Amino acid sequence: GYFGALLFALSHFAMQISAGSINTDHNDAAFLFYVAASIWAWFEYENAAENRKFLFALLVGILSGCAILVKWLPGLLVYTGWGIAILYRDQTRKNLKAYLHLICALCVTIAVFLPWQLYIFSEFPVVAKHEFSQASEHFFTSIEGHAEGIGYHFLVMQEIYGIGWHLVLASLALFVATVKNSIYKVVLLVYLFVIYLFFSIAVTKMV
């Protein structure tokens, strides 16, 4: 947590977002908070006593739902790692309660973001339909001239992280070598893989 906070405090990109000096600033700052908080809540779920796990599962659902309200379906990221963690271990793979907690959290997520979707389609159907079509088009077509190659997000690592891709890979190698908990290693690497795969495939690309 300390090093995470330190990296954010010294991150030029994070400061640009929080200062409002680049596009989609406030959206990205809020989205970053809710996604990171949902992943934190899942870590707390993993470490909680059995009688408190359900509370953290509900918190994951609330935070993920808030993330979706900010910037749509990438707010579901936390569930990819959570699902992998369940399948990774023999004791949870065969434990119905582990799946029930995930399903309950997902239901809470839906309960958080669905009312707004129903409201806007009821009150502003034309605008809502246009916005939804725009959101889906980002994946298949270039919107507003943001057309880049499939490796774009690797090329802008220097801008995002302040270090080049070779140091990013070295950092990941250090992470894998030093983190003892295999579940944490697998889940966090899955999050990175899913995010980079999703946004690399999407035709519209932004930093």
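Being a predicted model, the structure only gives us computed values, none of them experimental.

## Quick look at the packing of helix α5 (residues 77-88) against helix α12 (residues 182-201)
Item 1. Running from N to C, α5 and α12 point in directions that differ by 140°, and their axes come no closer than 9 Å. In terms of orientation, α5 lies oblique with respect to α12. For the pair α5 and α12, the crossing hand works out as right-handed. Contact residues: α5 offers Leu-77, Val-78, Thr-80, Gly-81, Trp-82, Ile-84, Ala-85 and Tyr-88, while α12 offers Ser-182, Ile-183, Val-186, Val-187, Val-190, Tyr-191, Val-194 and Ile-195.
Item 2. Among the residues forming the contact of α5 with α12, the class breakdown is 13 nonpolar, three polar and no charged.

## Observations concerning the side chain of Thr-92
Item 1. Within the element layout of this structure, Thr-92 appears in helix α6 (residues 90-93).
Item 2. With sequence-adjacent residues up to four places away left out, Thr-92 is seen in contact with Ala-85, Ile-86, Ala-98 and Tyr-99.

## A closer look at helix α7 (residues 96-123)
Item 1. Here α7 is 28 residues long and its end C-alpha atoms lie 40 Å apart, about the 40 Å a rise of 1.5 Å per residue gives.
Item 2. The set of residues buried in α7 consists of Ala-98, His-101, Leu-102, Ala-105, Val-108, Thr-109, Phe-113, Gln-117 and Ile-120.
Item 3. Among the residues of α7, the N-terminal cap falls to Asn-95, whose side-chain oxygen and the backbone nitrogen of Lys-97 are separated by 3.0 Å.

So, how was this worked out
Residues numbered from 1 in each chain as written. Predicted model: local features only at pLDDT ≥ 70, side-chain atom pairs only at ≥ 80, totals over all residues. Heavy atoms only, no water. Axes fitted to C-alpha atoms, helices over the stretch in contact; angles between N-to-C directions. Helix = DSSP H or I, 4+ residues; strand = E, 2+ residues; numbered from the N terminus. Parallel < 35°, antiparallel > 145°, perpendicular 65-115°, else oblique. Left-handed = near helix turned anticlockwise from the far one by under 90°. Contact = heavy atoms within 4.5 Å. Nonpolar A, V, L, I, M, F, W, Y, C, P; charged D, E, K, R; others polar. Expected span 1.5 Å × (residues − 1). Buried < 20%, exposed > 50% of the residue type's maximum accessible area, 1.4 Å probe, protein only. Polar contact = N/O pair within 3.5 Å; in protein donor to acceptor, adjacent residues only side chain to side chain.

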